[in-house]
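Listed below are the residues making up each chain.
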Amino acid sequence: MSCKKIGFITGLGILVFAFMVTGSMAANRDFDKADTIRIGSLGPVLLVPGIGIHNAAKMAVEEINAAGGIHGKKVELFIGDTEGKPEKGITALKKLVLEDKVDVLVGCYSSGVALALQPYLPRYKIVYIATGTASIALTNNVKKNYKKYKYFFRDMINSDIRQQKWAAKFLKEFVNGQLGYTKFAILAENTKWVHKYAPNLRKDLEDAGLKVTFYEMFDIDIKDFSPTFVKIKSTGAQWIGQIVSHAASIPLVKAWQDTKAAPMGLCNVASMDSKFWEMTGGKCLGEITYNFIARAPLTDKTIPMWDKYVKKYGTNPVYTTGFTYDSVYMLTEIIKQKKSLKSDDIINGLENISYYGVLHPQIGFDKKSHDLLKGRYVMPMVQWQAGAKQVVVWPDKFKTGNYVSPTWWKK
């Protein structure tokens, strides 16, 4: 082998080694020597869920610093823009870790983005709490290979089991049990997070003796939903369960009201946003979607946090907001208790935490999968009512008003 080739290989090896050292040293700083504590917030800065992530992180950090920081050390926040795209998310994560040298990470909207980021966590040995991703594949990875993926936690409700089971509970207990409807349509977008959710929801309803008269998983590029709602009407469906996140929510809701189809309520991520009324010209009137935060007494911290957020940002919190706000506080509480920035110490703290947050009084994580513990969450069902009001109609303990049927609908 020539000296030239040997030199090239040796140089390449040095670069690889340097990269590995840089990556491993980006996190796990010595707490006593750190002047500040650095938190990285990941999310698309121009999309509503990402705005909710970054705003929540900013507000939590400001509050923590106003209260004295962490043992007198100021908390700094660094923003990473994922643009909702896997490749952009990887670039944003690398910048936060290698240039900004953050100690921990929070945020991320889109399971596809989070799945792309997950393999980089063991490379940099950095703890990350995802606050806007629902695919169960993420926490299954932790369960299957704990040693590799132990750095990943999710403070968010997974879609395949928990969101789906909650959806079935709402349809069976409220729509069937209280309203008396027995015929259902399921209208779901064809995306990864719904692939098990929609068919399992259908099975749960049919196992309960209810009829699913219409079932469709549609392409997210569809913009004209009028023919779909006409079909649904022809089946005699009494209730439409929509499952929508990435698809065209505005034309869907407009077509629903224009065709005067059956009442519609289940999950519409865009409809969680307080600006959705304006975006649809009020045609979301009567629609229901579950949310993960609402101006309701989920805990005694919820309403004060909600009101402060609205005053500060001029808009309501969205579903990513509460999870991110609680996650920043959990991370800083553990760092404070442990007086450590070592990932193993933070992981141990998260695995044993029971945190009283704005979303639940006992937030905690499963030690094997790092998913939220069973039952440590709530998903209030929120209806758009006259005057652009978002009203919690179920479950009863969190109600802020009664359900109102669409004006055109006769039972």
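Coordinates for the structure precede this section.
What you see is a predicted model, and the numbers here were worked out from it, not measured in a lab.

1. Some points on the overall build of the protein
Regarding its fold elements, the protein presents 15 helices and twelve strands. Here the C-alpha coordinates of the protein stretch approximately 80 × 55 × 35 Å along the principal axes. For the protein, restricting intrachain contacts to residue pairs at least 6 apart in sequence, the fraction spanning at least 24 positions comes to 69%. Counting only carbon and sulfur atoms, one obtains 55% of the accessible surface of the protein, whose full area is about 17,200 Å². Across the protein, the centroid of the 56 positively charged side chains sits 3 Å from that of the 37 negatively charged ones.

2. Here we look at the state of the cysteines
In protein chemistry, a disulfide is the covalent bond that joins the sulfur atoms of two cysteines. Counted under the stated rule, the structure contains zero disulfides. With no disulfide of its own, Cys108 lies closest to Cys267 among cysteine sulfurs, the gap being 17 Å. Unpaired in this structure, Cys267 has its nearest cysteine sulfur neighbour in Cys284, at a distance of 15 Å. Judged by relative accessible area, Cys267 falls into the buried class, the value being 1%.

3. A word on the environment of Trp384
Along the polypeptide, Trp384 turns up in strand S11 (residues 381-385). On the basis of relative accessible area, Trp384 is assigned to the buried category, the value being 2%. Spatially, the C-alpha atom of Trp384 lies 9.6 Å from that of Tyr403, the residues being 19 residues apart in sequence. Leaving out residues up to four positions away in the same chain, Trp384 has contacts with Ser271, Asp273, Ser274, Phe276, Trp277, Cys284, Leu285, Gly286, Glu287, Lys389 and Gln390.

4. Let's talk about the pairing of strand S8 (residues 239-244)
Counting buried positions over the six residues of S8 gives six, a clear majority of the element. The alternating pattern of S8 places Trp239, Gly241 and Ile243 on one face and Ile240, Gln242 and Val244 on the opposite face, and all of these are buried. In this sheet, S8 lies alongside strand S6 (residues 183-189) in parallel orientation, the contact comprising five bridges. By the bridge assignment for S8, Leu187 is matched with Gln242. By the bridge criterion, two bridges tie S8 to strand S9 (residues 265-268) in an arrangement that is parallel. For Val244, the partnering residue across the bridge sits in S9 and is Asn268. In this region the chain leaves S8, passes through helix H11 (residues 249-259) and returns to the parallel neighbour S9; the handedness of that crossover is right-handed.

5. Some words on the sheet that holds strand S12 (residues 389-394)
Pairing is mixed across the open sheet formed by seven strands, whose spatial order is S7-S6-S8-S9-S10-S11-S12. Of all strands in the sheet, those bounded by a partner on one side alone are strand S7 (211-218) and S12. Recorded for the sheet is a direction-independent mean angle of 30° between the axes of neighbouring strands. Across the sheet, H11 is in contact with S6, S7, S8 and S9; its angle to S8 comes to roughly 170°.

6. Observations concerning helix H15 (residues 343-351)
Among the residues making up H15, those that are buried are Ser343, Ile346, Ile347, Gly349, Leu350 and Glu351. On its buried face, H15 sits against strand S3 (104-107), strand S4 (127-130), helix H7 (146-149), strand S5 (152-154) and helix H14 (319-338).

7. So, the side chain of Lys73
Here Lys73 shows up in the loop between helix H2 (48-66) and strand S2 (74-81). The buried charged residue Lys73 lacks any salt bridge partner; its closest oppositely charged side chain belongs to Asp32, at an N-O distance of 5.9 Å. Within polar-contact distance, the side chain of Lys73 engages the backbone oxygen of Ala34 at 2.6 Å. Once you skip the residues sitting within four places of it in the chain, Lys73 turns out to touch Phe31, Asp32, Ala34, Asp35, Ile37 and Gly68.

8. Concerning the pairing of S12
Bridge count between S11 and S12: five bridges; the pairing is antiparallel. Among the inter-strand pairings, Met381 is bridged to a residue of S12, identified as Trp394. Here S11 hands over to S12 after three residues, with Gly387 in that stretch at a positive phi of 85°.

9. A few points about the pattern of salt bridges
Scanning all chains against the criterion turns up 14 salt bridges. For Lys150, the salt bridge goes to Asp344, with nearest N and O atoms at 3.2 Å. On the criterion of sequence distance, the pair formed by Lys150 in the loop between H7 and S5 and Asp344 in helix H15 is long-range, its members being 194 residues apart. The class for Asp344 is partly exposed, based on a relative accessible area of 48%.

10. A few points about the packing of aromatic side chains
Within this structure, the stated rule accounts for 20 aromatic pairs. With a centroid separation of 6.3 Å and an interplanar angle of 65°, the aromatic rings of Phe170 and Trp239 are classed as edge-to-face. Taken together, the residues Phe170 in helix H8 (residues 159-176) and Trp239 in strand S8 connect sequence positions 69 residues apart. The exposure class of Phe170 is buried, given its relative accessible area of 0%.

Thresholds, definitions, all that
- Residues numbered from 1 in each chain as written.
- Predicted model: local features only at pLDDT ≥ 70, side-chain atom pairs only at ≥ 80, totals over all residues.
- Heavy atoms only, no water.
- Helix = DSSP H or I, 4+ residues; strand = E, 2+ residues; numbered from the N terminus.
- Contact = heavy atoms within 4.5 Å.
- Areas by Shrake-Rupley, 256 points an atom, 1.4 Å probe, with all protein chains shown as cover.
- Lys, Arg positive; Asp, Glu negative; His and termini not counted.
- Charge placed at Lys NZ, Arg CZ, Asp CG, Glu CD.
- Disulfide = S-S within 2.5 Å.
- Buried < 20%, exposed > 50% of the residue type's maximum accessible area, 1.4 Å probe, protein only.
- Pairing = 2+ DSSP bridges.
- Right-handed = clockwise from strand over helix to strand, strands pointing away.
- Axes fitted to C-alpha atoms, helices over the stretch in contact; angles between N-to-C directions.
- Salt bridge = Lys/Arg side-chain N within 4 Å of Asp/Glu carboxyl O.
- Polar contact = N/O pair within 3.5 Å; in protein donor to acceptor, adjacent residues only side chain to side chain.
- Phe/Tyr/Trp six-rings, centres within 6.5 Å; stacked < 30°, edge-to-face > 60°.

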